[in-house]
Amino acid sequence: MVLRLVIALSTAGEAGTRARDAFLAERGRQLQGMLDRARERGEHPPEGLDILDHILALLYIRTLFGTGPLTPGYVDTLVDRLLALHGRALA
C-alpha cells in the first residue's frame, strides 16, 4: 500500500513530489542507519544501492505488479544472492 501511495504522489504535482522525496529520503536514512550499526559491530554489509538494486527493487516490482508472493523464503533467497555477490566482490 505504501509503495502505491509513493508512486501516486509522483503524479500529484509539486507537493506530491516533495512528499514522495521526503518519504524516500527517510527510508534511505533508516536503511543507512542499519548499515552504519552493522559496520560499528565490525560487520561488512553491502552498500545501500546494492540493497536497493538486488532486494528492494525486486520486492517493489512484485508488490506493484502482483507477479509473485512475498514469502520469507523468497526474501531469504534475495538476501543470500546479494551476500554471495558482496562476498565475491570483497575477495
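Note: the structure precedes this text.
Predicted model, so just to flag it, every value in this text is computed and none were measured.

Remarks on the overall build of the protein chain
Summing up its helical and strand segments, the protein chain has 4 helices and 0 strands in all. When the helices and strands of the protein chain are read in sequence order from the N terminus, they spell out α-α-α-α. In terms of overall size, the protein chain is more extended than a compact globule, its C-alpha atoms giving a radius of gyration of 15 Å where 91 residues would be expected to give roughly 12 Å. For the protein chain, restricting intrachain contacts to residue pairs at least 6 apart in sequence, the fraction spanning at least 24 positions comes to 35%. Here the protein chain displays about 6,500 Å² of accessible surface, and carbon together with sulfur accounts for 63% of that area. Positive and negative side-chain charges in the protein chain, numbering 11 and 11 respectively, have mean positions lying 5 Å apart.

Some words on the pattern of salt bridges
Taken as a whole and judged by the stated rule, the model has 6 salt bridges. Taken together, the shared-partner salt bridges connect Asp 36, Arg 39 and Glu 47 into one network.

Topic: the environment of Thr 71
You can see Thr 71 is positioned in the loop between helix H3 (48-65) and helix H4 (72-90). Spatially, the C-alpha atoms of Thr 71 and Pro 45 are 23 Å apart, while their sequence positions differ by 26 residues.

Topic: a nonpolar patch on the surface
Together, Leu 49, Leu 52 and Tyr 60 give the surface a local cluster of nonpolar side chains, amounting to about 280 Å² of exposed area. Within the secondary structure layout, Leu 49 lies in helix H3. Residue class for Leu 49 comes out exposed when judged on its relative accessible area of 61%.

Overview of helix H2 (residues 13-40)
The terminal C-alpha atoms of H2, which comprises 28 residues, lie 40 Å apart, in line with the 40 Å expected from a rise of 1.5 Å per residue. Among all positions of H2, only Gly 16, Leu 31, Gly 33, Leu 35 and Ala 38 are buried. Positive phi appears at Gly 42, one or two residues downstream of H2, with a value of about 90 degrees.

Topic: the environment of Asp 76
Mapping Asp 76 onto the fold places it in helix H4. On the basis of relative accessible area, Asp 76 is assigned to the partly exposed category, the value being 47%. For the pair formed by Asp 76 and Ile 55, sequence separation is 21 residues and the distance between their alpha carbons is 9.7 Å.

A short note on H3
Look at H3: 24 Å from first C-alpha to last across 18 residues, which is about the 26 Å you get at 1.5 Å a residue. Taken as a whole, H3 carries its principal kink of about 40 degrees at Leu 56. Regarding H3, the residues found buried are Gly 48, Ile 51, Ile 55 and Leu 59. Two residues or fewer past H3, Gly 66 is found with a positive phi of approximately 60 degrees.

Quick notes on the rules
- Residues numbered from 1 in each chain as written.
- Predicted model: local features only at pLDDT ≥ 70, side-chain atom pairs only at ≥ 80, totals over all residues.
- Heavy atoms only, no water.
- Helix = DSSP H or I, 4+ residues; strand = E, 2+ residues; numbered from the N terminus.
- Rg over C-alpha atoms; globule rule 2.2 N^0.38 Å.
- Contact = heavy atoms within 4.5 Å.
- Areas by Shrake-Rupley, 256 points an atom, 1.4 Å probe, with all protein chains shown as cover.
- Lys, Arg positive; Asp, Glu negative; His and termini not counted.
- Charge placed at Lys NZ, Arg CZ, Asp CG, Glu CD.
- Salt bridge = Lys/Arg side-chain N within 4 Å of Asp/Glu carboxyl O.
- Patch = residues over 30% accessible without salt bridge, like charges linked within 9 Å, V, L, I, M, F, W, Y side chains within 5 Å.
- Buried < 20%, exposed > 50% of the residue type's maximum accessible area, 1.4 Å probe, protein only.
- Expected span 1.5 Å × (residues − 1).
- Bend = angle between axes of the 7 residues up to and from the residue.

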